[in-house]
Amino acid sequence: MVPEAPSRPQGGGRRRHGDREVPAAIVFVATSGCTWQQVPSASFGPSGATAHRRFSEWSKARVWAKLHRLVPDELGARGELDWSRCAIDSVNMRALKKGDLTGPNPVDRGKYGSKIHLITERLGLPISVGISAANLHDSQALIPLVKGIPPIRSRRGRRLRKPGKLHADKGYDYIHLRRWLSERGITHRIARKGVESSQRLGRHRWTVKRTMAWLAGCRRLHRRYERKADHFLAFTSIACTLICYRRLTS
């Protein structure tokens, strides 16, 4: 996943830290929520400035998004992904420094923030993730998220990228979304406005809520500190990768 290190034709300079040392420091920042300056170089080797520079390079090269696809791909090959029912939802994060893809949050007194949009498989493993401004309606993220599901290996047969059923709350209750899902052979299970009670999460939609709670294990996502949208998306991808990796090693 990691791009090749740039060459130095003129020679000299310090030894470049290895590509196994730096990710440990980056994951430490993601899980602990500390600043880059607080990275203990005595424990990891590279300084916080080095880790941040490599993090920026790899975010631009979409390393974290590729890594998030790699781990579910391995889970799919083992037959540990259940495509029969998937769920979609979003969670708001306050953006302390504003930046790209931020907007006034209508449910947080207009404070600037961002949304994390997720599609999870039946057991709650995230298979598609995206971010947007907090004032974007949830329904506008459904089509891009479904299209963003990568082709994932299965234990036998072809790669899969289409859930059997998709569960969603009333925020996605629109005729054009139901029609779009039906045209692609996806059975929609969307709560209906004015018909179904909003007091219950449903027998199947609770898994995506649990995954949102798992994201809180990545303390860097408690608030959005990054001005650049690709950096915030990178931390989100790291959190999703760690959730899938725990299942892979359990």
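The structure this text deals with has already been given above.
A.B. asks: Could you clarify how one ought to interpret the nonpolar core in this entry?
C.D. replies: Soluble globular proteins: nonpolar side chains tend toward being buried together. Within the largest apolar cluster, 55 residues are counted, with the highest numbers of intra-cluster contacts made by Ile26, Leu142, Leu215 and Leu221. Broken down by element, this core gets its largest block of residues, ten residues, from helix α8 (residues 229–249). If sequence neighbours within four positions are ignored, Leu221 has contacts with Met93, Ile116, Leu215, Phe232, Phe235, Thr236 and Ala239.

A.B. asks: Explain the pairing of strand β6 (residues 187–190) to me, please; I cannot follow it from the model alone.
C.D. replies: Look at any regular strand and the pattern is simple: side chains alternate between the two faces of the sheet. Where strand β5 (residues 165–168) meets β6, four bridges bridge the pair, whose relative direction is parallel. Paired with His167 across the two strands is Arg189, which belongs to β6.

A.B. asks: Explain the packing of helix α7 (residues 206–215) against α8 to me, please; I cannot follow it from the model alone.
C.D. replies: The angle between the axes and the distance between the axes are what describe a pair of packed helices. Here α7 crosses α8 at 110 degrees, and the two axes come no closer than 10 Å. Considering the angle they form, α7 stands roughly perpendicular to α8. Read as a crossing pair, α7 and α8 show a hand that is right-handed. Residue-level inspection shows Thr211, Trp214 and Leu215 of α7 in contact with α8, the latter providing Ala239, Cys240 and Ile243. Considering only residue class, the contact of α7 with α8 consists of five nonpolar, one polar and no charged.

Thresholds, definitions, all that
Residues numbered from 1 in each chain as written. Predicted model: local features only at pLDDT ≥ 70, side-chain atom pairs only at ≥ 80, totals over all residues. Heavy atoms only, no water. Core = buried A, V, L, I, M, F, W, Y, C linked by side-chain atoms within 4.5 Å. Buried < 20%, exposed > 50% of the residue type's maximum accessible area, 1.4 Å probe, protein only. Helix = DSSP H or I, 4+ residues; strand = E, 2+ residues; numbered from the N terminus. Contact = heavy atoms within 4.5 Å. Pairing = 2+ DSSP bridges. Axes fitted to C-alpha atoms, helices over the stretch in contact; angles between N-to-C directions. Parallel < 35°, antiparallel > 145°, perpendicular 65-115°, else oblique. Left-handed = near helix turned anticlockwise from the far one by under 90°. Nonpolar A, V, L, I, M, F, W, Y, C, P; charged D, E, K, R; others polar.

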